[in-house]
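Residue-level listing of the chains:
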Amino acid sequence: MERSAGMVAGSYRRNELVRIGRHDSDEGPKPLKNLNGHICQICGDDIGLTDTSIVFVACHECAFPLCRPCYEYERRDGTQCCPQCKTRFRRHNGSPRVEGDEEEDDVDDIENEFDYTQGNNEARRLPQRVEEFSSSSRHESQPISLLTHGHPVSGEILTPDTQSVQTTSGQLGPPDRNAALSPCIDPQLPVPVRIVDPSKDLNSYGLGNVDWKERIGGWKLKQEKNMIQMSGKIHEGKGGEIEGTGSNGEELQMDDDARLPMSRVIPIPSSRMTPYRIVIVLRLIILGVFLHYRVTHPVKDAYPLWLTSVICEIWFAFSWLLDQFPKWCPINRETFLDRLALRYDRDGEPSQLAPVDVFVSTVDPMKEPPLVTANTVLSILAVDYPVDKVACYVSDDGSAMLTFESLSETAEFARKWVPFCKKFNIEPRAPEFYFSQKIDYLKDKIQPSFVKERRAMKREYEEFKVRINILVAKAQKMPEDGWTMQDGTPWPGNNPRDHPGMIQVFLGHSGGLDTDGNELPRLIYVSREKRPGFQHHKKAGAMNALIRVSAVLTNGAYLLNVDCDHYFNNSKAVKEAMCFLMDPAIGKKCCYVQFPQRFDGID
């Protein structure tokens, strides 16, 4: 939570800097950029007209040139704010509603959403920066009032005919009647003129930052692709090929798939749910009758014992009732990893998936065997996710030298295990559980070298287990002088209640390579500082320490918390979580994704 608070505070400070920059920019005029009032500053297309035959105005505060498709996209999938003045877009008539529209101070127009007879009234409510010109002589004979903050402006006025109108003596003159209007505009219709304050620079309002550059670049690429696709002619013949593009529609289908939701809810048929719900109701009735009998028939000879048993039975009944709520209406969800890859992880392009920090917590290596922790760590390091976006942090809250040395052995074995898993698509990627499976491990394996390499890897793992067992045997009895490291210095965590903090990076971007020369995810050992007389809050305190350390080293956008005995039985689990957290539709409303736990070795 501390990292989240820091991120929020950082965003607040950036917003403050933006506001200060705007205030300072108002003091001195800045030269205007070569802008065109009828060209969208995002995609470069014409802005177009509304149904009332006036130029479309997206922002009612600064009249920033923005076409209707870009306006709809920003309201639906973007920041819902004007890129120039950062004011939230108001909903125009005919635009679909988005979250937050009900908070607008303006009158709700649900009844008149598609009533375009209100166009004249809407035009009167435009801000002071937009002015209408009509063909009447009344506008030609009178000068136009100043519209830029009430003070004279010298500069260019962007008109629909893309020609500048010069100002004289601080007064704005009417446009030249002989000027050629745009072909898409009727000369008899009123044409609005956008007046841009020369003291404002678009780059100072966020258009120069990295986010907007990437967004503008993405929009331009999409527009170019759309123009190429629309320029081709589709034939009703073999394969429906598109002339001039060299494509049979696969790219267009990929773009459509990338816009689809990344998950869906699988409905459960009522034929399966109704009998189960009937059983729950019958159990509830029987339980109510039983508790009523127990309460109304006390045992006077052993009243304390009867009272204790009744309290326990009521508590168990209440716990059972709470357990039935999620079972009454269960939800099954399905993820679409192919759509996630089309949107964020395309081949040949840098991955845009969010970085993830994985936390593994352990305390006593005698109660939580190091071999179990090693299998969990190996399954994390071999996860199917970009290696530069995964970091594994192991919290040793018992400051045991056994955990430290076993983690060092695990890092060395991971250099061989991770490439083996990714080469042959091994599942699960915890070696102990993979080699113990009683299944046909040759199923779906077509590489001739698989059998030979599997036998060699199994031998490597058995040798790794022997080395871990040797470390466990040595740690059974602690020396009188405490543990000593290989260089002869005493182990800092000999006193688990009074020791300094310890951080060791076993695998990282500098030197963390496997046997094939590929980069491995980061592996960091953390043992937080402990001092007598302080409340350390057990696992919660260890999690807070991991958050602080990871914020400095990797600062992943998402955190995944697992216990030392929770290995990954699905290497694509992180990607499946990203199908919810990075979904443009539900990602902003999703805070947690929890995986179901499956237990091995139980009856």
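Residues numbered from 1 in each chain as written. Predicted model: local features only at pLDDT ≥ 70, side-chain atom pairs only at ≥ 80, totals over all residues. Heavy atoms only, no water.

## With respect to helix α7 (residues 270–296)
Stage number 1. For α7, built from 27 residues, the straight-helix expectation of 39 Å at 1.5 Å per residue is met to within 8% by its first-to-last C-alpha distance of 39 Å.
Stage number 2. Among the residues of α7, those classed as buried are Met273, Ile280, Leu291 and Arg294.
Stage number 3. Of the surrounding secondary structure, the elements contacted by the buried residues of α7 are α8 (303–328). (Helix = DSSP H or I, 4+ residues; strand = E, 2+ residues; numbered from the N terminus. Expected span 1.5 Å × (residues − 1). Buried < 20%, exposed > 50% of the residue type's maximum accessible area, 1.4 Å probe, protein only. Contact = heavy atoms within 4.5 Å.)

## Concerning the UniProt feature "binding site: UDP-alpha-D-glucose" (unreviewed entry) in the protein
Stage number 1. Mapped onto the present numbering, the UniProt feature "binding site: UDP-alpha-D-glucose" (unreviewed entry) falls on Ser361, Lys367, Glu368, Asp397 and Lys538.
Stage number 2. Mapping lysine 367 onto the fold places it in the loop between β7 (356–362) and α10 (370–381).
Stage number 3. Position of aspartate 397 relative to the elements: it lies in the loop between β8 (390–396) and α11 (401–424).
Stage number 4. Judged by its relative accessible area of 9%, aspartate 397 falls in the buried class.
Stage number 5. For aspartate 397, the residues in contact, after removing those within four places along its chain, are Thr362, Val363, Arg528, Lys530, Lys538 and Ala542. (UniProt positions renumbered as here; feature names shortened; annotations may be inferred.)

## Topic: the sheet that holds β8
Stage number 1. Taken in spatial order, the 5 strands make up an open sheet running β9-β10-β8-β7-β11, and their pairing is mixed. Looking at the sheet topology across the chains shown, the edges are occupied by β9 (502–507) and β11 (558–563). Here the average twist between neighbouring strands, direction ignored, is 20 degrees.
Stage number 2. For β9 and strand β10 (residues 522–527), the ladder comprises 5 bridges, and the chain directions are antiparallel. Within β10, the position partnered with glutamine 504 by the bridge is tyrosine 525.
Stage number 3. Sheet strands in contact with α11 are β7, β8, β9 and β10, and its direction is about 15 degrees off that of β9. (Pairing = 2+ DSSP bridges. Axes fitted to C-alpha atoms, helices over the stretch in contact; angles between N-to-C directions.)

## Some details on the packing of aromatic side chains
Stage number 1. One pass over the full model with this rule turns up 21 aromatic pairs.
Stage number 2. A ring pair is formed by phenylalanine 413 and tyrosine 461, whose centres lie 5.9 Å apart and whose planes are at 50 degrees; its orientation type is tilted. Taken together, the positions of phenylalanine 413 in helix α11 and tyrosine 461 in helix α13 (residues 450–474) put the pair 48 residues apart, joining distant regions of the chain.
Stage number 3. For phenylalanine 413, a relative accessible area of 2% corresponds to the buried category.
Stage number 4. Ring geometry for phenylalanine 433 against tyrosine 567: centres 4.1 Å apart, planes inclined by 15 degrees, an arrangement best described as stacked. Of this pair, phenylalanine 433 sits in helix α12 (residues 431–435) while tyrosine 567 sits in the loop between β11 and α15 (573–581), and the two are 134 residues apart along the sequence.
Stage number 5. Taken together, the aromatic side chains of Phe413, Trp417, Phe420, Phe424, Tyr434, Phe435, Phe450, Tyr461 and Phe464 make up a single cluster linked through ring pairs.
Stage number 6. Here the guanidinium or amino end of arginine 339 rests over the ring plane of phenylalanine 336, the centre of that ring lying 4.0 Å away. (Phe/Tyr/Trp six-rings, centres within 6.5 Å; stacked < 30°, edge-to-face > 60°. Lys NZ or Arg CZ within 6 Å of the ring centre and 35° of its normal.)

## Some thoughts on the side chain of arginine 91
Stage number 1. Position of arginine 91 among the secondary structure elements: in the loop between α2 (68–76) and α3 (119–124).
Stage number 2. For arginine 91, a relative accessible area of 10% corresponds to the buried category.
Stage number 3. Looking at arginine 91, its side chain comes within polar contact range of the main-chain oxygen of serine 95, at 3.1 Å. (Polar contact = N/O pair within 3.5 Å; in protein donor to acceptor, adjacent residues only side chain to side chain.)

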